[in-house]
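If you want the building blocks of each chain, they are given just below.
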There are 4 protein chains.
Amino acid sequence: MSGKWGIGIPDTEFIRGKVPMTKQEIRILTIAKAGIRPGDMVLDVGAGTGSLSCEAAMQAAGGGGMVYAIERNPEGIGLIAANAEKFGLDNIQIIHAEAPAGMEGLPKLDVVLIGGSGKRLEPILDRAGELLKTGGRIVLNCITVQTLMQCLNYMRASELYKYETVQVQVNRWEQVGSYDMAKAANPIFIVACEKIK
Amino acid sequence: MSGKWGIGIPDTEFIRGKVPMTKQEIRILTIAKAGIRPGDMVLDVGAGTGSLSCEAAMQAAGGGGMVYAIERNPEGIGLIAANAEKFGLDNIQIIHAEAPAGMEGLPKLDVVLIGGSGKRLEPILDRAGELLKTGGRIVLNCITVQTLMQCLNYMRASELYKYETVQVQVNRWEQVGSYDMAKAANPIFIVACEKIK
Amino acid sequence: MSGKWGIGIPDTEFIRGKVPMTKQEIRILTIAKAGIRPGDMVLDVGAGTGSLSCEAAMQAAGGGGMVYAIERNPEGIGLIAANAEKFGLDNIQIIHAEAPAGMEGLPKLDVVLIGGSGKRLEPILDRAGELLKTGGRIVLNCITVQTLMQCLNYMRASELYKYETVQVQVNRWEQVGSYDMAKAANPIFIVACEKIK
Amino acid sequence: MSGKWGIGIPDTEFIRGKVPMTKQEIRILTIAKAGIRPGDMVLDVGAGTGSLSCEAAMQAAGGGGMVYAIERNPEGIGLIAANAEKFGLDNIQIIHAEAPAGMEGLPKLDVVLIGGSGKRLEPILDRAGELLKTGGRIVLNCITVQTLMQCLNYMRASELYKYETVQVQVNRWEQVGSYDMAKAANPIFIVACEKIK
């Protein structure tokens, strides 16, 4: 790992503009379930601010580990670059494209993270499956019923994967004067898939 | 019941300004756990916009049932009156005071609702206990650890009550284009106490 | 309303055997969102133990209000009858069938509750739509992603309805010695649909 | 890190008997918030099955990093030893004592994990504070209102710490035939404290 953080950089450390960002606890669980190790080849689809890409790059660092971050939004491209620089990460390659475009020419992958799929989940999963090594993992974060259902349908129809699904809700209890008061965050579905063939 | 609503008036029906309001699902559960019946005498402490008072008044209507709504905030006083008028409720008496002030001179009560206690929870519960009939209910909504703990400590120390506690979290799934997307609301602790002596 | 309960009979009051039962808080929210009023004609599909049927029957009582409870499981049929008798409810008609069978010959309906659909959700919703009055409500409880998705797809494709979806999670905080300790219950999706045409 | 796991060993991999065990997602978040790095000195109070100790030991491995696991229950002691052996971890020292007993003679610590405090939270925190380096972290898992409140009261009264609190609820969506069905787990409060002086 590089830098002072292990896993779970505080939200406030990222440069983010107004681009939505995966919250710390969801990032931690996503990265942990992806099981990224030094030397791993990782693809982050719909990288947004690059918060997941940065966490992944820290885990993959060493032994030639690399994170490919695909993002269609130009503002996001700038933020990924800025965050990679801020955290001193030289193993993130930024690809400005709308996936599955941008997934050509990638090496064999250990891990695919899918935070955003822009209504093209199936072709992205098809292409990811071709790139993924046996034993590799796909971890998806879903915030809508439709994306979750597409993902579950895909995994159920495929014989390549086994998967597990959790829905995680994190309530932050903020210190307000002499009180600790609940502040909810939206629940996220995390689907962790392992390529078994 | 008066008007077209049973229990659970939609949030958007209330006149509210910027005063925080108990959300529909929490109102429904609070009123249901209070077990308000026609003819009941009800006290609503920290009435805010009067949303709970209005729901309670609909359930208590008939047979002389009455809701006493105590609120310290002048803006709240105006909102309670406006909402009572909007829903055609003539069985709400508004008391502009900071509880336990304003609790003198009330009749014996069937139900006490406590949505806000302004750091005076113990004296409010003391006075509520004097007013409450045997078999009557106190239902509290708590949004901080401290208020919850005070309430539990009080109920555990008292031999007058048995209580049950639930924490309720309601995620609304909003229709955004072709997606249904989660939108969290803050979790609320509901403590329902029955006076058994 | 008949009997001593308003809305939200405690779980322990029902005769239930080993048949799964809708928990109190979910029953309360389901019945409240259904907006059942005295005189209403209500259909409960997949009635199970009859817990929702009993609550609905209490709200519909008076003015000829009636609840039709369809259940395919013979054990359930016995439990519905036993619970109706226990709560002194004479406005529940039990139909031993697997919906949409059993939905012929019903009168026009104000409310349809769907707790269980046994993989036949679409034909049940088709038939419910024919029976439902304009302004009537369908309220579904879903515990799987698949049933939720089917329901949302149906409502989105239809021009007859508007709908809202909430996911509700209730943690009970049990009194264990000197501690109050969380005990989770499974989250439920409640989809409340109004027939607008 | 040693072995094949990064962070987040599957629950089924641990030898556990009937001793309660911190679930995978909570372990992941606890370890991540503790920010354990190679070479760190870690204390695990109320180690139970040793699941947190094992995860901590993997993160602390290298550079002399060590985990001290205190547990009062003899069955737990055996399980910690069995799990350490299973995962090939030689940097866990097991201490059979009821904390704060067993905390004498420990070196300066980078991290203290508190999963169980057996009603002695204050003296445990007092002693932990003496052992903890400036910049070190205490991470507590609380499942009762009372333990949470004690912890928050302690941290609020102390000038040594800043803290953050999250409540995490993880619903597992199990594959049951053609359905994915919610299975709730109890919510946990995680309080992460940093010693700032």
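Residues numbered from 1 in each chain as written. Chains lettered and ligands numbered in written order. Predicted model: local features only at pLDDT ≥ 70, side-chain atom pairs only at ≥ 80, totals over all residues. Heavy atoms only, no water.

Q: Mind laying out the interface of chain D and chain A, listing which residues take part and the relevant values?
A: Listed per partner, the contact involves 34 residues of chain D and 34 residues of chain A. Here chain D packs against chain A, burying approximately 2800 Å² in sum over the two surfaces, 48% of which is carbon and sulfur. On the chain D side of the interface with chain A, the three residues burying the most area are Arg37, Arg156 and Trp173 of chain D, jointly 20% of the side's total. Remark: the boundary between chain D and chain A carries 6 salt bridges. Connecting chain D to chain A are 19 residue pairs in polar contact (both at pLDDT 80 or more). (Contact = heavy atoms within 4.5 Å. Buried area = accessible area lost by both parts, 1.4 Å probe. Salt bridge = Lys/Arg side-chain N within 4 Å of Asp/Glu carboxyl O. Polar contact = N/O pair within 3.5 Å; in protein donor to acceptor, adjacent residues only side chain to side chain.)

Q: Account for the relation of the copies chain A and chain B, naming residues and giving values.
A: The operation relating chain A to chain B is a screw motion whose rotation component is 180 degrees, with 0.0 Å of axial translation and a residual RMSD of 0.0 Å. On this basis, the relationship between the two copies can be described by a two-fold rotation axis. Closest to the rotation axis within chain A is the C-alpha of Ala184 of chain A, separated from it by 3.0 Å. In this assembly, 100% of the residues forming the interface of chain A have copies in chain B that are likewise at the interface, indicating an isologous arrangement. (Least-squares fit on C-alpha atoms with pLDDT ≥ 70 in both.)

Q: Could you give an account of the pattern of salt bridges, with specific residues and numbers?
A: All chains considered together, the criterion is met by 57 salt bridges over all chains. In this structure, Glu164 of chain A and Lys33 of chain A form a salt bridge, with 2.7 Å as the shortest nitrogen-oxygen distance. Of this pair, Glu164 of chain A sits in strand S6 (residues 161-176) while Lys33 of chain A sits in helix H1 (residues 24-34); the two residues are 131 residues apart in sequence, bridging distant segments of the chain. Put simply, Lys133 of chain A and Asp110 of chain A hold a salt bridge, and the shortest N to O gap is 3.1 Å. With Lys133 of chain A in strand S5 (residues 132-142) and Asp110 of chain A in strand S4 (residues 109-114), this residue pair connects regions lying 23 residues apart in the sequence. One salt-bridge network, held together by shared partners, links Glu25 and Arg172 of chain A together with Lys33 and Glu164 of chain D. (Helix = DSSP H or I, 4+ residues; strand = E, 2+ residues; numbered from the N terminus.)

Q: Quick rundown of the relation of the copies chain D and chain A? Include the residues and the values.
A: Expressed as a screw transformation, the operator carrying chain D onto chain A has a rotation angle of 180 degrees and an axial translation of 0.0 Å, and the superposed copies differ by an RMSD of 0.0 Å. Mapped onto chain A, 100% of the interface residues of chain D are again interface residues, and the two copies thus contact each other with one and the same surface.

Q: Give me the lowdown on the interface of chain A and chain B, citing residues and values where you can.
A: Contacts between the two partners involve 21 residues from chain A and, on the opposite side, 21 residues from chain B. Across the interface of chain A and chain B, roughly 1800 Å² is buried in total on both sides, 54% from carbon and sulfur atoms. Contact with chain B buries surface across chain A, with Gln146, Trp173 and Tyr179 of chain A losing the most and accounting together for 27% of the total. There are 0 salt bridges connecting chain A and chain B. One can count 12 residue pairs in polar contact (both at pLDDT 80 or more) joining chain A with chain B. Elements that contribute at least two residues to the side of chain A that touches chain B include exactly helix H5 (145-157), S6 and strand S7 (179-184) of chain A. The element contributing the most residues to the side of chain A that touches chain B is S7 of chain A, with 6 residues. Partitioning the side of chain A that touches chain B into residue classes produces 10 nonpolar, 8 polar and 3 charged. (Nonpolar A, V, L, I, M, F, W, Y, C, P; charged D, E, K, R; others polar.)

Q: Now, about the pairing of strand S1 (residues 41-45) of chain D: what can you tell me, with residues and values included?
A: All names here are of chain D. Judged by how many residues are buried, S1 sits mostly within the fold: 5 of 5 residues are covered. In S1, alternate side chains face the same way, and those of Met41, Leu43 and Val45 on one face and Val42 and Asp44 on the other are all buried. As judged from the 5 bridges shared by S1 and strand S2 (residues 66-71), these two strands associate in the parallel manner. Within S2, the position partnered with Leu43 by the bridge is Tyr68. For the segment spanning S1, helix H2 (residues 51-60) and S2, crossover handedness is right-handed. Here S1 runs beside strand S4 (residues 109-114); their pairing, made up of 4 bridges, is parallel. Following the sheet pairing, Leu43 is matched in S4 by Val112. (Buried < 20%, exposed > 50% of the residue type's maximum accessible area, 1.4 Å probe, protein only. Pairing = 2+ DSSP bridges. Right-handed = clockwise from strand over helix to strand, strands pointing away.)

Q: If you had to explain the side chain of Gln146 of chain D to someone new, which residues and values would you point to?
A: Structurally, Gln146 of chain D is set in helix H5 (residues 145-157). At 2.7 Å, the side chain of Gln146 of chain D forms a polar contact with the backbone nitrogen of Asp180 of chain C. Contacts of Gln146 of chain D, omitting those with residues within four sequence positions, involve Met149, Leu152 and Arg156 of chain B together with Ser178, Tyr179 and Asp180 of chain C.

Q: So, helix H1 (residues 24-34) of chain D: which residues are in play, and what are the values?
A: Residues and elements named next belong to chain D. In terms of burial, H1 is a largely internal element, 11 of the 11 residues being buried. Buried residues of H1: Gln24, Glu25, Ile26, Arg27, Ile28, Leu29, Thr30, Ile31, Ala32, Lys33 and Ala34, and no others. Of the residues flanking the end of H1, it is Gly35, one or two places downstream, whose phi is positive at about 60 degrees.

Q: Please provide a residue-by-residue account of the side chain of Glu55 of chain A, values included.
A: Residues and elements named next belong to chain A. Tracing the chain through its elements places Glu55 in helix H2 (residues 51-60). Owing to a relative accessible area of 0%, Glu55 belongs among the buried residues under this scheme. From its side chain, Glu55 meets the backbone nitrogen of Ile9 in a polar contact 2.8 Å long. In this structure, Glu55 is in contact with Ile7, Gly8, Ile9, Phe14, Arg27 and Ile31, ignoring residues within four places of it in sequence.

Q: Describe helix H4 (residues 121-131) of chain D, with residues and values.
A: All names here are of chain D. Here H4 has its buried residues at Leu121, Ile124, Leu125, Ala128, Gly129 and Leu131. Angularly, the buried residues of H4 cover 160 degrees about the axis, an arc narrow enough to put them on a single face. Residues of H4 that are buried sit in contact with S1, S4, strand S5 (132-142), H5, strand S6 (161-176) and strand S8 (188-195). (Arc of directions from axis to C-beta.)

Q: Can you tell me about the packing of aromatic side chains, naming the residues and giving the values?
A: By the definition in use, this model includes 12 aromatic pairs over all chains. Both rings, one in Trp173 of chain A and one in Phe189 of chain D, keep their centres 5.5 Å apart while their planes meet at 65 degrees; by these two values the pair is edge-to-face. Taken together, the residues span two chains, with Trp173 of chain A in strand S6 and Phe189 of chain D in strand S8. Taking the relative accessible area as the measure of exposure, Trp173 of chain A reaches 2% and is therefore buried. Ring-pair connections join several aromatic residues into one group, and the members of that group are Trp173 of chain A, Phe189 of chain B, Trp173 of chain C together with Phe189 of chain D. (Phe/Tyr/Trp six-rings, centres within 6.5 Å; stacked < 30°, edge-to-face > 60°.)

Q: Describe the packing of H5 of chain A against helix H5 (residues 145-157) of chain C, and please don't skip the residues or the numbers.
A: For the pair H5 of chain A and H5 of chain C, the least separation of the axes is 10 Å and the interaxial angle reads 125 degrees. With respect to H5 of chain C, the axis of H5 of chain A lies oblique. Note on packing geometry: the crossing formed by H5 of chain A with H5 of chain C is left-handed. Of the residues in H5 of chain C, those touching H5 of chain A at Val145, Gln146, Leu148, Met149, Leu152 and Arg156 of chain A are Val145, Gln146, Leu148, Met149, Leu152 and Arg156 of chain C. (Axes fitted to C-alpha atoms, helices over the stretch in contact; angles between N-to-C directions. Parallel < 35°, antiparallel > 145°, perpendicular 65-115°, else oblique. Left-handed = near helix turned anticlockwise from the far one by under 90°.)

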